[in-house]
Structure formats: C-alpha cells, structure tokens
Amino acid sequence: MPKNSTHDIDTMPKKNPLSFQIDLKDFDLATSEEKALQDRMRESTTFLKDGLKRLWRNKIAMACFFIIVAIVLLVTIVPIFYPYSYDQQLGITPGQPIDSSYNNLKPFEFGETEKQRIAQGEKIFPHIFGTDNHGRDYFIRIIYGTRISLMVGFFASIIVLIIGVVYGSVAGYLGGKVDLLLMRIVDIIYSLPDMLMIILLSVVLKIAFGNVIDNSPLSKLGSGMISIFIVFALLYWVGMARLIRGQILSIKQQEFVLAAKSIGASSYRIITKHLLPNCISVIIISTALQIPSAIFTESFLSFLGLGVSIPMPSLGSLASEALASVYSYPHRLIIPAVVICLIVLSLNLLGDGLRDAFDPKLKK
Amino acid sequence: MDTKLAKYILKRLILAIVTIFLIITITFFSMHAIPGGPFLSEKSPSAEVTAALEAKYGLDKPLGEQFVEYLKGVMRFDFGPSIKQRGRMVSDIIKEGFKVSMKIGAVAAAIAITIGLVFGSLAAVFHNKFLDKLIMVLSTAFVAMPSFIVATFMLLVFCVELNLLPANGDTVGGLVLPVIALSLYPMSYITRLTRSSMLDVLGQDYIRTARAKGLKPSKIIFKHALRNAVTPVITYSGPMLAYILTGSLVVEKIFAVPGLGKYFVSSITNRDYTLIMGTTIFLATLIVILMLVSDILYKIFDPRVDLS
C-alpha cells in the first residue's frame, strides 16, 4: 500500500456517488497511540517462566504445593525447639526405676512426675499426640518419620534421575547395537517384579550391611535405609531411562543437532547442551512423580519391618507398630496413615500439575 | 501380520525365560551372600551340629553345584524343606497358602474389573457432570492410598469401631475386608483408564452413527463403545494381578489371612531362607507369566498396536 501512510484525509480518492463502496471520508485515521493499542506482542518469556505461570493458574496443584511446603517447613523447624527427642524414653531417668506412667499416654496427658511439676506451677510442653508404648513422645516421632519418608523420596528420586538420564541418553544418542544391548538389559530389569525384588534385596542387604556399617557415620542412617537407596539405584531407574532414550531418539534427528555435529561439537557437548535441555520437561515431570512412588515403597517396606532401623521412626514403621495396639490406641495408626496419604496425594497431584504445565502434549 | 505376531510372542517368551532365570539366580546368590548362613541364630549350634545340618541341606557342596541342584529342584517345583518350620516342604507351604491367596486375589480382581468398568463408563457418559466429578475425586484419592493404609483403616472402622465383621481372616466373613482392601486401588485405576478411553471412543463417528440409527443408549455404551474402550484395561490386567499378589503380602498380614503373603512376611522376620527363596521365585515367575499373557492378549485384541 501507500508509501506515506500518514497522508491526510483530503488526499483520499473521492467516492463516486453511485458506488456502493464505503466513503473513506467517514473514517478517521488511527493515531499512533491507537495503533499501539493493537499491538498484541507479549513480552518474550522463557520456558521456565511460561510453565510456572501455567502451574500457578492450576489451583489444585498450587494447593498441593503449599501443603508440601508446609509439611517440609514443619519437619525442619519443629525438631529445633521441640523439648523431646524421637528416641527419648520419658519414663526413664538415670538412677531411678522406670516410670511406666509415661507409657501409652493419651494426647495432651502428662506422666506422674510431670503432673507433680505442674502442680508446683511449672509449665511443661504438652505431648500433643501422647506417647507410645515405650514412653516416647509421639508427635516428634511423627515429625521425624515424615522427615525420613520425605528424605527417602527425595534422594531416591535423585539417584533414579542421575542413573536414568545418563543411561537413557547414552543409549538414545549412540543408537544401533549399543542401544539394542542397553535396552535389552532395561527390558529384563523392567520385567522383574519390583516389589518382590526390593523385599528380597532389602532382606539380604540389611543383613549384609548390618556388620559393615556399624561404627561408621552411615550407621545412624541404618542398614535398612541404605538398602532402600541401593535397591532404588538398582531397579527403579529403568522407567526414567526408557523415557529419556525415547525423547533423545526423536530429538537427535532434528537439524540443530546436525548443525552442532557439523561444526565439530563433541558427543558429550551435544548430549548435555543440546539434547538434555530439550527433554527437561520429561525429566522434571517423571522425577516429581517418582518421589511419591519412592515414599510409597519406603512405607511399604517399613511396614513389613524392612525399612529404617529402630529407634529411628518412619511413617510406615510407625503405622506398623501401631497395628499391634490398634484396639486401644487407634490414633497412633490414624495419624501416620493420614500423613502418608496427604504427602503421596499432594505430590501426585503436584506432579500431574507439573505435567500439564510443562508438557501440554502429554496431557490426556 | 501373523508372522509378526508370532515373532513378537517368541521375543517376549525368550525375554520372560531370561527374566525368570535371572530372578532365580538373584534370589539364590543373594540368599547365599548373607554372612553367617541360615543356621546362625541367637543360640548358635555347635560346629558339629552346624556341619551336620549343612550336610543335610546340601550346603557343604560348592556354590555352583548347589545352584544347579536348586535349579533342577525349581523345575520340578521343589524348593527343598523349610528351615524353620520343621518337617514341611516349602512347595507344600506355598501350595497351601496360595490356595487362599488365589481365592482372595481372583475375587478382588473380578470386583475391580467389573466395578471399574461400570464406574469408568458412567463417568465418561456423564462427563463433567456431578457424578463424573464424584467418581474422579474418589478414584484419585484411592489411587494415592497404599493398600496397607486402606486395609488398616478398614480394620479400624469395621472391626474395631463398628464391630461388624470379624478381624480374623480365617472365616468367610473375615475375607470380605481383605478383598475390598485389595481391590480398591486397581478398581480406581481401571475406573480412570476406562473413563479416558471411553471419552475417546464416544467421540468417534461410529458411535454417532449408532445414535443416529436410534439404538438404545445402554446398547451403544455397553455393546459398541465399551468393546473398544476395554483394550487399555487388558494391558493393565497384568500389572493389576501383580499388584494384587504383592499387595496381598501386607493385607494378609493385617487381617491375619492364612495365605501365601502371611507366610512370606513371617519368613522374612524368621529368616526362613528356603521359604523366602521359594515364595519369591514362585510369585515372581507368576507375575512375569501374567505380564506376558496380558501383553500378548493386548496385541491380539488390538491389531492396530505397533509390534516393533
């Protein structure tokens, strides 16, 4: 069209009175301000910002996110000021007979000596959830149990992430016979019944490690915990490896990879700088969904008595211990059960939200 | 096409055999990696007694020979004698326990599939209505709950608080709760699967044609739509049975059902090595076979699936 689009109305061609054309003189030219209004260009956004924005709009996922943040804060802050520790048997004071009045307290009840001290006007921190059959404060045990469960979930997912990404990207990038061999191994591990193998390996590793790690800094963690991590490292990475391999296989066909190759980039550089950043959404999503499944597995194992070692609590072992006295003290079972459900449900829903936000293609 | 299918089945069969062999190998060698051996308990027997015991159970032979012997035994469904339950063969214990577990498992699977299919179809038909939302909320919640949590809650509510059902799994009434506890998770999962595949199917042209020619809605849904919507459920049936088998380990412990799971859990705490090995190999093999069958069935039912 016109070279000088700012020409004024008078220069417009006259309308033939018989024509059905619109008379251009009825219109005003748009000012530059009005033109600017039509500018719909958004500010450029990054992948992360875009995804976070979408996530923010997902109310359920955000609610779950805040629940998880609240739980994490609670389990990190509470032990700092809480007056009891998870393995302290309140009825036992050195040099005195065991005070059994501390065992099996109901929520907000006190033991004998504590009652005397309260009568003398002393203020004593209440046992919010009561105590267990060894006279240990149950609230702090729940807090520590949650801490352990979350830690297991988190670190197990990290292990799975590292192994799965390395293995999957090597298989996908190299392709050919290497890929075939690596993927056969994955197929076999994938078809092992995971829960049974985990139980078996935990039994063995727990005994095998029992003697080795005594007196080492790892002993506090317990052989059960270490065997859980090892089992995860051995078995659970295959799902992640398959996903990453599939992604890499399709991405490596694209031109930018060819371009990178043609200017002489090394395989390592191509994988880390070009291929993996392009599967970041898959990595984020499946890691997020791995955490609840790890927590689930840990609680299952602890429930069978294979998880953390006594006196360290975990949510599964707390539930399992409570089962013995379920008729008299049902709250001891309900609390850890509710916490497990809350954590697993929130993490699952958050993972779904992340999937919807970061990879709309995957949405069912 | 048929040669392709045959090739696929052959490939999966070989994979399954390799897997089962691997399971036996892992189980055997990890059990033998345990320091001290099976006879190391609180009151260790004297050296002569231990030697005699080891000779009796064939533990004094070289490891490779023991492995071959064990492998031969497994082929004949002979896992040797139980170490802790004197005078009983592991295979007898497995047989006896599995009878009970299989009953519970089969009923749980049947319930899960039937109710899952019905609820899933209902949710899809009433898409975005109240019923759909209710079903989705419930199924989301149940998918997040580990089976042992569901089971303990049920124990608490029905046996302790309401005193409606016996908490002991020895009687028929006592089997109601374990069955429900086991079936809830797969039921919810199948509901979700059916719903999403049903939604897909209901949007297709042939359903519109069926409507246009005036078929009854119930006939359209259950005869025309469900038939195509059911294929993902077939793929899930393998993992579902695996879940029910392993899930029954804890559920049977909680409700004191005298099934395979209870023996397995107690064999872990007792360190009854031959029983642990036997049960693991038995269950794992069963799961691998079930997965194999469900995968092959899926390919047969849905010829569109890529076999590569």
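Refer to the structure above for everything that follows.
About the cut-offs
- Residues numbered from 1 in each chain as written.
- Chains lettered and ligands numbered in written order.
- Predicted model: local features only at pLDDT ≥ 70, side-chain atom pairs only at ≥ 80, totals over all residues.
- Heavy atoms only, no water.
- Helix = DSSP H or I, 4+ residues; strand = E, 2+ residues; numbered from the N terminus.
- Buried < 20%, exposed > 50% of the residue type's maximum accessible area, 1.4 Å probe, protein only.
- Contact = heavy atoms within 4.5 Å.
- Areas by Shrake-Rupley, 256 points an atom, 1.4 Å probe, with all protein chains shown as cover.
- Patch = residues over 30% accessible without salt bridge, like charges linked within 9 Å, V, L, I, M, F, W, Y side chains within 5 Å.
- Salt bridge = Lys/Arg side-chain N within 4 Å of Asp/Glu carboxyl O.
- Core = buried A, V, L, I, M, F, W, Y, C linked by side-chain atoms within 4.5 Å.
- Buried area = accessible area lost by both parts, 1.4 Å probe.
- Polar contact = N/O pair within 3.5 Å; in protein donor to acceptor, adjacent residues only side chain to side chain.
- Nonpolar A, V, L, I, M, F, W, Y, C, P; charged D, E, K, R; others polar.

(A) Examining the overall build of chain A more closely. Along the backbone of chain A there are 14 helices and zero strands. Each helix (α) and strand (β) of chain A, taken in turn from the N terminus, gives the series α-α-α-α-α-α-α-α-α-α-α-α-α-α. The buried share of chain A, reckoned over its 364 residues, is 45%. For chain A, the share of sequence-separated contacts (at least 6 apart) that also reach a separation of at least 24 residues comes to 70%. As displayed, chain A has an accessible area near 20,000 Å², and 63% of this comes from carbon and sulfur atoms.

(B) Structural view of a nonpolar patch on the surface. Residues and elements named next belong to chain B. Taken together, the side chains of Ile115, Val118, Phe119, Leu122, Val125, Phe126, Phe130, Leu131, Leu134 and Leu138 present a nonpolar region at the surface, about 810 Å² in accessible area. Elements supplying a minimum of two residues to the nonpolar patch: helix H4 (90-125) and helix H5 (130-144). Considering each element in turn, the nonpolar patch owes the most residues, five residues, to H4. According to the relative accessible area criterion, Leu134 is partly exposed, its value standing at 39%.

(C) Structural view of the nonpolar core. The biggest cluster of nonpolar side chains holds 180 residues, and the ones touching the most others in it are Ile199 of chain A together with Phe255 of chain B. No other element matches helix H5 (residues 138-174) of chain A, which puts 16 residues into this core.

(D) Spatial organisation of the interface of chain B and chain A. Chain B puts 42 residues into the contact, and the matching count from chain A is 38 residues. Broken down residue by residue, the surface that chain B buries against chain A is led by Ala144, Phe148 and Leu156 of chain B, which jointly contribute 14%. Summed over the shared surface of chain B and chain A, the number is zero salt bridges. Here chain B is connected to chain A by zero residue pairs in polar contact (both at pLDDT 80 or more). Of all elements in the fold, only helix H1 (2-32), H5, helix H6 (147-161), helix H10 (231-255), helix H11 (260-270) and helix H12 (273-301) of chain B reach the threshold of two or more residues within the side of chain B that touches chain A. The class makeup of the residues in the side of chain B that touches chain A is 31 nonpolar, seven polar and four charged.

No statement about biological role is implied by the geometric values presented.
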